[in-house]
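Chain by chain, the residues run as shown.
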Amino acid sequence: MKKIIYYLIKLRSRIFFPFFLLYIAAAAYIALLIEPQTFDSYLTSVYWVLTALATVGFGDYAPVTNAGKIFTIFLYITGIGLVSVFIGNILESVYRIEKLKVGGKMKYTGEHHIILIGWNEKSKAAVHEIIRSDQTVDIVLIDKMEKAPMMEEHLFYVRGDAADEETLMQANLPDAKGVIIFAEETLQVNGATKDPLLVDGKTLLIATAITSIEERLNISIHITAEVINQKHIRLFERVKVDEFIPTREMISHAAVRSLFSHGVTHIYSELMSRQYGESIYEIPKRAEWKTYRDAFMDLLEQGATLVADHTDLHVNQKLDEPIPSKTQLFVMCDKETIAKLHSSSLR
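> Describe in detail the overall build of the chain, supporting the description with residues and values.
Looking only at helices and strands, one finds 10 helices and 9 strands in the chain. Per-residue burial over the chain gives 35% buried out of 347 residues. Of all intrachain contacts in the chain linking residues separated by at least 6 positions in sequence, the fraction that spans at least 24 positions is 60%. Summed over all atoms, the accessible surface of the chain reaches about 21900 Å², with 60% contributed by carbon and sulfur.

> Give me the pattern of salt bridges: which residues, what numbers.
Within this structure, the stated rule accounts for 9 salt bridges. Two residues, Lys 122 and Glu 226, come together in a salt bridge whose shortest N-O distance is 2.7 Å. Within this pair, whereas Lys 122 is found in helix H4 (residues 121-133), its partner Glu 226 is found in strand S5 (residues 222-227), the two being separated by 104 residues in sequence. On the basis of relative accessibility, which here comes to 33%, the residue Lys 122 falls in the partly exposed class. The exposure class assigned to Glu 226 is buried, which follows from its relative accessible area of 3%.

> Would you mind going over the environment of Gln 302 in detail, with residue names and values included?
Of note, Gln 302 is situated in the loop between helix H9 (292-301) and strand S8 (305-309). Distance from Gln 302 to Cys 333, taken between C-alpha atoms, is 9.6 Å for residues 31 residues apart in sequence. Sequence-distant contacts of Gln 302, that is, excluding residues within four places in its chain, are made with Arg 286, Thr 337, Leu 341 and Ser 344. Within the structure, Gln 302 has its side chain in polar contact with the side chain of Asp 298 (distance 3.1 Å).

> Lay out the pairing of strand S9 (residues 329-333) with the relevant residues and their values.
Within S9, 4 of the 5 residues are buried, which leaves it mostly tucked inside the rest of the structure. As judged from the 5 bridges shared by strand S7 (residues 279-283) and S9, these two strands associate in the antiparallel manner. Following the sheet pairing, Ser 279 is matched in S9 by Cys 333. Relative to S9, S8 runs antiparallel, the two being bridged by 4 bridges. Within the sheet, the bridge partner assigned to Thr 305 lies in S9 and is Met 332.

> Explain the packing of aromatic side chains residue by residue, including any values.
A ring pair, where both rings are aromatic, is described by two values, the distance of the centres and the angle of the planes. Counted under the stated rule, the structure contains 6 aromatic pairs. Taking 6.4 Å as the distance between ring centres and 40 degrees as the angle between the ring planes, the aromatic pair formed by Phe 39 and Tyr 61 counts as tilted. Of this pair, Phe 39 sits in the loop between helix H1 (2-34) and helix H2 (42-53) while Tyr 61 is found in the loop between H2 and helix H3 (66-102), placing the two residues 22 residues apart along the sequence. With relative accessibility at 28%, the residue Tyr 61 sits in the partly exposed group. Here Tyr 47 and Tyr 61 contribute two aromatic rings whose centre-to-centre distance is 6.1 Å and whose plane-to-plane angle is 80 degrees, an arrangement assigned as edge-to-face. Here the residue Tyr 47 occupies a position in helix H2, and Tyr 61 occupies one in the loop between H2 and H3, the gap between them amounting to 14 residues. Connected via pairs of aromatic rings, a cluster forms that spans Phe 39, Tyr 47, Trp 48 and Tyr 61.

> Break down the sheet that holds S8 for me, with residues and values.
Pairing is antiparallel across the open sheet formed by 3 strands, whose spatial order is S7-S9-S8. A strand with exactly one partner marks an edge of an open sheet, and here the two such strands are S7 and S8. Each strand axis lies, on average, 35 degrees off the axis of its neighbour in the sheet, ignoring direction. Seen against the sheet, H9 touches S8 and S9 and runs at an angle of roughly 145 degrees to S8.

> Tell me about the side chain of Thr 337, residues and numbers included.
As for its position among the elements, Thr 337 is in helix H10 (residues 335-345). The exposure class assigned to Thr 337 is buried, which follows from its relative accessible area of 11%. In this view, Thr 337 contacts Gln 302, Gly 303 and Ala 304; residues no more than four positions away in its chain are not counted.

> Which residues make up helix H6 (residues 196-217), and what values do they have?
Between its first and last C-alpha, H6 extends 32 Å over 22 residues, near the 32 Å set by a 1.5 Å rise per residue. Along H6, the residues that are buried comprise Pro 196, Val 199, Asp 200, Thr 203, Leu 204, Ile 206, Ala 207, Ala 209, Ile 210, Thr 211, Ile 213 and Glu 214. In the stretch just after H6, Asn 218 is the one whose phi turns positive, near 55 degrees.

> Could you give me a rundown of the confidence of the model for the chain, with the residues and numbers involved?
Counting all residues, the mean pLDDT for the chain is 82, and 80% of those residues have values of 70 or more. When mean pLDDT is taken per element in the chain, strand S1 (residues 114-117) scores highest with 95 and helix H8 (residues 264-272) scores lowest with 63. Across residues 5-9 the pLDDT falls below 50, and counting only partners more than four positions away or on other chains, this stretch makes 0 contacts in the model.

Each value, and the rule that gives it
- Residues numbered from 1 in each chain as written.
- Predicted model: local features only at pLDDT ≥ 70, side-chain atom pairs only at ≥ 80, totals over all residues.
- Heavy atoms only, no water.
- Helix = DSSP H or I, 4+ residues; strand = E, 2+ residues; numbered from the N terminus.
- Buried < 20%, exposed > 50% of the residue type's maximum accessible area, 1.4 Å probe, protein only.
- Contact = heavy atoms within 4.5 Å.
- Areas by Shrake-Rupley, 256 points an atom, 1.4 Å probe, with all protein chains shown as cover.
- Salt bridge = Lys/Arg side-chain N within 4 Å of Asp/Glu carboxyl O.
- Polar contact = N/O pair within 3.5 Å; in protein donor to acceptor, adjacent residues only side chain to side chain.
- Pairing = 2+ DSSP bridges.
- Phe/Tyr/Trp six-rings, centres within 6.5 Å; stacked < 30°, edge-to-face > 60°.
- Axes fitted to C-alpha atoms, helices over the stretch in contact; angles between N-to-C directions.
- Expected span 1.5 Å × (residues − 1).
- pLDDT = per-residue confidence, 0-100.

Now the structure itself:
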């Protein structure tokens, strides 16, 4: 009996909307048959039924015969209740959709979005950084929390295991602009330290799942992965990861350099954040730039500093060398300057 009742409730939610439309159409047709002189067309009778059910009652059309008045009473008794149920169903549907979205159970259907895997303070800072950099790009967070950790207009949540291809497809991985895999926190709840190999091993599983989808669909997605121990990077040889973030080594390097060069940590902080309004951007090579000096001096006059070519940070030591055809130049400047540089390069 319970199954029958549940089925009827489920069936009611499916057929209610078409039944409500049929009710309005039938009521308008009956009203036109009863009072053809009052309602000169079917559209007019539909208009009158809707105003009656909505309890607006403009008064521009009203039944004049007894049959019409009796039908109007019947319409009030049955129809207004249906309108209340209809509005309730709409509100319930909105609530269900919002619940699914917050709970991470909805499939993301956009494109050119950024996927963040793993929620912690680093990924939280990444969300704010992405929003500051581009307020139009969507962010899809993948984690196992019961609900989204924060509410932002362009932040979407997918709940599940990022090493599962089904979860990655729910985040619409094939149409993503890029993926950032953040390592799990190294401390457990009881305070015991996790083995870095296990932490990086999970990152490797996620990267393997992404690579599998890339190979199957013949697509290429930029992947940045955080590793706890730089020695574990060799474990990623068989998967496609474009960039690594060896966090421990970076912190250790900055700490040691601060002893030999006081204040160097402030430079690291400035490079790794946008609090000073400066950031690092990629700039395309121009035809008139034959050597690094040409690019360096031209960019300097426009308010930007050439800092690297690919991963080479020593361009200032080879200014007279020619810029190779396959180059990837990076400059340090503010958003206004990089916008001017891009606009001038398009001319």
